[in-house]
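Tertiary structure, described
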Amino acid sequence: MPVVELKVAMACGGCSGAVERVLNNTAGVKSVKTDLESQKVTVETDDGLSAEAVKDIVAKTGKATAFWS
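Attention in this report is confined to the structure presented alongside it.

What counts, and where the lines are drawn
- Residues numbered from 1 in each chain as written.
- Predicted model: local features only at pLDDT ≥ 70, side-chain atom pairs only at ≥ 80, totals over all residues.
- Heavy atoms only, no water.
- Pairing = 2+ DSSP bridges.
- Helix = DSSP H or I, 4+ residues; strand = E, 2+ residues; numbered from the N terminus.
- Axes fitted to C-alpha atoms, helices over the stretch in contact; angles between N-to-C directions.
- Contact = heavy atoms within 4.5 Å.
- Core = buried A, V, L, I, M, F, W, Y, C linked by side-chain atoms within 4.5 Å.
- Buried < 20%, exposed > 50% of the residue type's maximum accessible area, 1.4 Å probe, protein only.
- Parallel < 35°, antiparallel > 145°, perpendicular 65-115°, else oblique.
- Left-handed = near helix turned anticlockwise from the far one by under 90°.
- Nonpolar A, V, L, I, M, F, W, Y, C, P; charged D, E, K, R; others polar.

**Here's the deal with the sheet that holds strand β4 (residues 65–67)**
Pairing is antiparallel across the open sheet formed by four strands, whose spatial order is β2-β3-β1-β4. What marks the edges here is a single partner per strand, and that holds for β2 (29–35) and β4. On average, adjacent strands in this sheet sit at an angle of 25° to one another, irrespective of strand direction. With three bridges joining them, strand β1 (residues 3–8) and β4 adopt antiparallel strand pairing. Bridge pairing in β4 links leucine 6 to phenylalanine 67. Helix α1 (residues 13–24) rests against β1, β2 and β3 (40–45) of the sheet, and its axis sits at about 170° to β2. Together, β1, β3 and β4 form the strand contacts of helix α2 (residues 51–59), whose direction differs from that of β4 by roughly 160°.

Structure follows, in structure tokens:
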């Protein structure tokens, strides 16, 4: 399964919870792991969901989002 790693501006547990909620309610997302300290979100998806789509979904939460590098 593809894995997407994102850097997401999360300031608190509420922020990471919002990101987790939106991703867990997205078809094609298999698992979500957030690391508030490093501001890293790791998303395991099925083959039908692109990395760009995952990034766009997270960005719609209003958080600054970029691919982890």
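There is more to say, and it comes next.
**A word on the nonpolar core**
Across soluble globular proteins, nonpolar side chains show a tendency to be buried alongside one another. Counting residues in hydrophobic clusters, the biggest one holds 14 residues, and the most contacted among them are Leu6, Val8, Val19, Leu23, Val41, Val43 and Val54. Those elements that place two or more of their residues in this core are β1, α1, β2, β3 and α2. When near neighbours in sequence (up to four residues on either side) are disregarded, valine 54 contacts Val4, Leu6, Leu23, Val43, Thr45 and Leu49.

**So, the packing of α1 against α2**
Taken N-terminus to C-terminus, the directions of α1 and α2 make an angle of 130°; their axes are 9 Å apart at the nearest point. Taken together, the axes of α1 and α2 are oblique relative to one another. When the axes of α1 and α2 are compared, the crossing they make is right-handed. Listed contacts from α2 to Val19, Val22 and Leu23 of α1 are Val54, Ile57 and Val58. The residue makeup of the contact of α1 with α2, split by class, is six nonpolar, no polar and no charged.

**Re the pairing of β3**
Alternating positions in β3 separate cleanly, Val41, Val43 and Thr45 being buried on one face and Lys40, Thr42 and Glu44 remaining unburied on the opposite face. Bridge count for β2 against β3 is six bridges, and the pairing is antiparallel. Across the sheet, valine 32 pairs through a bridge with valine 43, a residue of β3. Adjacent in sequence and paired antiparallel, β2 and β3 are bridged by four residues, among which glutamine 39 carries a positive phi angle near 60°.

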